[in-house]
Amino acid sequence: MADPMDYETIRVDVEESIATLVLDRPEKKNAISAKMVSEIHHAMDDLAARDDVACLVLTSDDPACFCAGADVGELRDRKKTDALLGINQNAVRRFEDFPHPTIAALRGLVVVAGHRH
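Now for a description of the structure that goes with this document. (Residues numbered from 1 in each chain as written. Predicted model: local features only at pLDDT ≥ 70, side-chain atom pairs only at ≥ 80, totals over all residues. Heavy atoms only, no water.)

Burial of strand β4 (residues 55-60) is extensive: six of the six residues sit out of reach of the surface. A two-sided burial pattern is seen for β4, the buried positions comprising C55, V57 and T59 on one face and L56, L58 and S60 on the other. In terms of strand pairing, strand β3 (residues 18-23) meets β4 through six bridges, oriented parallel. When the sheet's bridge partners are listed, V22 is paired in β4 with T59. For the crossover from β3 across helix α1 (residues 34-49) to β4, the handedness is right-handed. Bridge count for β4 against strand β6 (residues 102-104) is three bridges, and the pairing is parallel. Its bridge partner being in β6, L58 is matched across the sheet by A104. (Buried < 20%, exposed > 50% of the residue type's maximum accessible area, 1.4 Å probe, protein only. Helix = DSSP H or I, 4+ residues; strand = E, 2+ residues; numbered from the N terminus. Pairing = 2+ DSSP bridges. Right-handed = clockwise from strand over helix to strand, strands pointing away.)

This part takes up α1. The end-to-end C-alpha separation of α1 is 23 Å, in line with the 22 Å expected for 16 residues at 1.5 Å each. Among the residues of α1, M36, V37, E39, I40, A43, M44 and L47 are the ones counted as buried. One face of α1 carries all of its buried residues, which in axial projection span an arc of 160 degrees. Turned more than 90 degrees away from the buried face of α1 sit H42 and A49, all of them exposed. (Expected span 1.5 Å × (residues − 1). Arc of directions from axis to C-beta.)

Evaluation of the coordinates by the stated rule reveals eight salt bridges. Between E8 and K35 there is a salt bridge, with the nearest N and O atoms lying 3.6 Å from each other. Of this pair, E8 sits in the loop between β1 (2-5) and β2 (10-15) while K35 sits in helix α1; the two residues are 27 residues apart in sequence, bridging distant segments of the chain. For E8, a relative accessible area of 61% gives the class exposed. A residue is classified by how much of its surface remains accessible, and K35, at 40% relative accessible area, is partly exposed. K35 is the salt-bridge partner of E39, the closest N and O atoms lying 3.8 Å from each other. Note that E39 and K35 are positioned in helix α1 at a spacing of four residues, about one turn of the helix. By relative accessible area, E39 is classed as buried at 7%. Several salt bridges share partner residues, and in doing so they unite E8, K35 and E39 into one network. (Salt bridge = Lys/Arg side-chain N within 4 Å of Asp/Glu carboxyl O.)

Written out as structure tokens, the structure is:
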């Protein structure tokens, strides 16, 4: 692992031109919080600007649950529309717009916009 970056809700490292972004909130089944979205945006800005990154792998260490969707506890404290737009659309768009190939290595439960896949 060369160059690990410090975050609370995700882990990011770059090794041999492959960036790996790991969702890391196992106690919440990797539910996407406002903090996680902020950290994803920061990490994606950093990774997109690096010359040593050729692709990105998005994953989770939890074999039973990649992501449980939005953090429902936070949704109660925010306007529903604001919460869903801010968490789901903006974070997903960052992966879509990443300037290099992006691989989603998904295992287990995946919840997107309230739908299980």
